[in-house]
Amino acid sequence: MKAAQFDVIVRKDLKYKKNREKSINQLEEEALWEMYQAFCIHTSLVIEILKQVEQPSAFPARVDKLKQPQAEGAFVDIKQEEQWLEAEIKKACDLLKQQTEFQNLPGRIYSSAVHQSLQPLKGWLEKQWQLLLSLSGKKRFLAVVETDADLAEESNFSWSDIRERAQAILQHTQETIAAEAEDETAAKDTKQLIKSLFKQYDATNDVLTRRAIIHLLRNNFKVRRKPEKPEKVQEWLEGKRVEIDRLEGQVPRLPRPRNLFPEQAYNQGLEELIPYPLSDVAVSKRMAWLFHYRVLIWFFLIYTKSLEKSPQLDYCLLHQVRAEVERGEAQFFEWHDSVSAKIDQFLTIPKSLPYPIYFGGDDLRSWHLNKEGKICFKLNGLGDYLFEVRCDRRQLGIVKYFLQDWQTQNNNKGEYSGGLTLLRSAELLLKPTSSRQNVDPPSVHDRQAVVAGYKLSLHCTHDTDYLTRLGLERVRQRKIANQLKSLTEKQAKLTKQQAKLQQLEQEMQHKQTGTSAERSKRHIQRLEQIEKLKQSISYLQAAIQAELERPRPKLERLQESKLFQRADRPLYEGVAHLFIGVCLDLEQHLVVTVVDAMRRKVLTKRIVKQIMGKHYPLLQRYRHLREEHSKQRQQDQKVGRHNRLSETRLGEQVAYAIANGLVALAQQYKVSTIVLPLTKGWRERLYCQLVARAKIKCNGSKKAMARYTKQYGKRLHQWDYNRLSQAIETEAQTVGIAVIFERLELQTDAEQDDQQVNSFELAVQIAIATYDSLQA
């Protein structure tokens, strides 16, 4: 999906008599002020929904259930939790509708508030779920691998014995997975492999088999040609322990709602941050006691020195002074630690802009051209307002397609399917007219300041496949195939459940063996299974029947609908066996190889400077800017100053310049597919290996470890590879080049085999491996 962003001007609709007497400027000011008030009410509704859902008695208590493993070793089903969360948000919204300030609002405001509340909480829930799964899997993985040392002491198998057994287990496991899934590519699925190897490890007590399985787990399901060095294995294990420790320290923070009154939030946070736990009276009393102790010690020292007495009383008084000082220091540092935890939250002031209002593709209606030739439209729920598009030439073609699709569908009702329109969804945003960060937002009560300080913007999403006639036909065929697949799967599931129900009913009729207690227990279990199956069967039958009884089922509408008018531009067709392999490199940013995967031949190699061409100075400026900002952040951190420096916009320009250069290279060689590495988690894994190596080399010295990790860890956080991958995927799909993400295990010192593999060779390997998997 791509996004088209353009500004819009809103004014009252002139078809109403009360609006005809006013000037255009007055209509625009009134409409913008009323839209601002609608945005504020929408934002207040979202904030109240989040407050109600995030109450300790509801959402956090429900989230705690995610941490409780079930009988089979799996956690609670995340889909059920998401359904519960959506139901709770809708329930909270229905309760808030009864309040005076949220009554009689357009239905679009309510549905948008539910959408804007659901998305951040759903993302937080998914992140929490992934964190728990990752932590559980890594603990299980480490517990199995760590047993290799004990197994080695109990046995004296040679390296060749372990290697041969590992090769046999790997081949047997891959064949079994491929036979069960009826797909040869499933044999290379990491999740299936690790699940099968864990089952084999638990099912056997043979020491050689267990050591062979551990060898496969430790080496990414590969058999090494040479034995592993003990010090490298120890470093690798320490890195896994560091990963687990870092994961246990990660606690996803609930999303902070926006605040329309930033000054009020700042003052309130400042009042909570400053107060010292002791009052001025308590501090003055403590200082008076310390002064009295000091005077007594001074007089007693003079007395003991003149009479040469034993200084026992002196020691007692000093001990009292020290205890009093330590008590005061303990209270101070306790307050200091509590304040330090609040400083980050205090400095990150929540956004003051209102939440955007979400619309579906069908909610933008009444597209037309006004007398001046400007494109205008209306929004469901906001029918009293007319929106006029203000965009540049790059977005004008897309907006014209929006206009053309709506007019075609509206004038020929029933002949065109809404699923084939270019516009998929939209969000109406309120933005400040000035993009400078040091400009204060206008007051919410000042109408003139709001009118002069804000503007409306519309963000629309669309798919690039809808821009050509052949691409639109391909989309229709894909949707038809998905609908047929969905109906077939439902019918197959229904048939399977009916057969299972019939089998259970037959078993109930036969005579059961065993004691009376066992027979009654099995009888109750079968009755429960039969009841669940009947409910599931009735639900599937109702869903299938409802789909077939519609006047025009979705599948029929797609098959019989006409295609919208599009350009007859031919689709891009590349050579099927020509691939581009991309390797994200820590030194050179990225390297690219064009590979003839069928002949195993490298056609050309490129580095980032050759790909960017005349735009390479952008990358140099980006590097220089990052270095300057890094130095400035260090200086600000020393004095406790909050730093808001960012190079995001320049980073986006660099990413799209690289993406355009890569797509141009693919078109030059008629490449069919670009293969990008799926690097999720690899940066964290490399950093944990770096920390583990620092622990071993520095013997636990924290200062030495900090110097070591600072020296070698800068490269890990130098580039934003996710943004670059998204830019390459977007630009390639616009042209019609396929993009595939392939998992690439970047090598660390503990995992290197007989020879070092450079980045170009890794790019060639990932391209050839993807071609082979597609052919299989």
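Nothing here was measured: the structure is a model prediction, and the numbers come from that model.

K.L.:
In this structure, what is going on with empty space enclosed by the protein? I would like to understand it.
P.N.:
The rolling of a water-molecule-sized probe over the atoms marks out the regions of remaining empty space. Tallying each qualifying case throughout the model produces two cavities of 30 Å³ or more. The computed volume of the largest cavity comes to approximately 70 Å³. For the largest cavity, the full set of lining residues is His589, Tyr622, Gly651, Val654, Ala655, Trp719, Asp720, Arg723 and Leu724. Of all the secondary-structure elements, those providing two or more residues to the lining of the largest cavity are helix 21 (648-668) and helix 24 (721-735). Here the lining of the largest cavity takes three residues from helix 21, the largest share from any one element. For the lining of the largest cavity, the class distribution of residues is five nonpolar, two polar and two charged.

K.L.:
What is the right way to read the pairing of strand 10 (residues 601-607) from this model?
P.N.:
As a general feature of sheets, a regular strand has side chains that alternate between the two faces. Alignment of strand 9 (residues 589-596) against strand 10, held across six bridges, turns out to be antiparallel. By the bridge assignment for strand 10, Val595 is matched with Val602. As consecutive antiparallel partners, strand 9 and strand 10 are separated by four residues, and within that stretch Arg600 has a phi angle of approximately 60 degrees, a positive value.

K.L.:
Could you clarify how one ought to interpret unusual backbone geometry in this entry?
P.N.:
Negative phi values dominate among residues other than glycine, just as trans dominates among peptide bonds. Phi at Asn104 takes a positive value of approximately 60 degrees, unusual for a residue other than glycine. In this structure, Asn104 sits in the loop between helix 4 (78-96) and helix 5 (107-145). Here the phi dihedral of Lys670 falls at roughly 60 degrees; this positive angle occurs in a residue that is not glycine. Note on placement: Lys670 falls in the loop between helix 21 and strand 11 (671-678).

K.L.:
How do you make sense of the packing of helix 21 against helix 24 when you look at a structure like this?
P.N.:
How two helices sit against one another is set out by the angle between their axes and by the gap between those axes. Contact geometry for helix 21 and helix 24: axes closest at 8 Å, N-to-C directions at 45 degrees. Classified by the angle their axes make, helix 21 and helix 24 are oblique. The two elements helix 21 and helix 24 meet at a crossing, and its hand is right-handed. In this structure, helix 21 contributes Thr648, Gly651, Glu652, Ala655, Tyr656, Ile658, Ala659, Asn660, Leu662, Val663 and Gln667 to the contact, and helix 24 contributes Arg723, Leu724, Ala727, Ile728, Thr730, Glu731, Ala732 and Val735.

K.L.:
What is the right way to look at the confidence of the model for the protein in this model?
P.N.:
Low-pLDDT portions of the prediction should not be read for the details of their coordinates. When pLDDT is averaged along the protein, the result is 78; 76% of the residues meet or exceed 70. Per-residue pLDDT stays below 50 along residues 746-756; that stretch engages in 25 contacts with residues further than four places along the chain or on separate chains.

K.L.:
Mind showing me how you'd approach the sheet that holds strand 2 (residues 357-360) here?
P.N.:
Think of a sheet as strands paired side by side through backbone hydrogen bonds, with each pair either parallel or antiparallel. Read from one edge to the other, the open sheet built from seven strands follows the order 2-6-7-1-5-4-3, with strand pairing classed as antiparallel. The outermost strands of the open sheet, each flanked by one partner alone, are strand 2 and strand 3 (364-369). Strand-to-strand, the axes of this sheet are offset by a mean angle of 30 degrees, without reference to chain direction. Relative to strand 7 (residues 454-462), strand 1 (residues 2-12) runs antiparallel, the two sharing seven bridges. Its bridge partner being in strand 7, Phe6 is matched across the sheet by Leu458. Sitting on the sheet, helix 5 is in contact with strand 2 and strand 6 (423-432), with an inclination near 105 degrees to strand 2. Along the sheet, helix 14 (residues 393-411) makes contact with strand 1, strand 3, strand 4 (375-379), strand 5 (382-390), strand 6 and strand 7, crossing strand 3 at roughly 110 degrees.

Thresholds applied
Residues numbered from 1 in each chain as written. Predicted model: local features only at pLDDT ≥ 70, side-chain atom pairs only at ≥ 80, totals over all residues. Heavy atoms only, no water. 1 Å grid on protein atoms, 1.4 Å probe; cavity = no way out; pocket = protein on both sides within 12 Å on 5 of 7 lines; lining within 4 Å. Points joined across faces, edges and corners; volume = space filled by probe spheres on them. Helix = DSSP H or I, 4+ residues; strand = E, 2+ residues; numbered from the N terminus. Nonpolar A, V, L, I, M, F, W, Y, C, P; charged D, E, K, R; others polar. Pairing = 2+ DSSP bridges. Axes fitted to C-alpha atoms, helices over the stretch in contact; angles between N-to-C directions. Parallel < 35°, antiparallel > 145°, perpendicular 65-115°, else oblique. Left-handed = near helix turned anticlockwise from the far one by under 90°. Contact = heavy atoms within 4.5 Å. pLDDT = per-residue confidence, 0-100.

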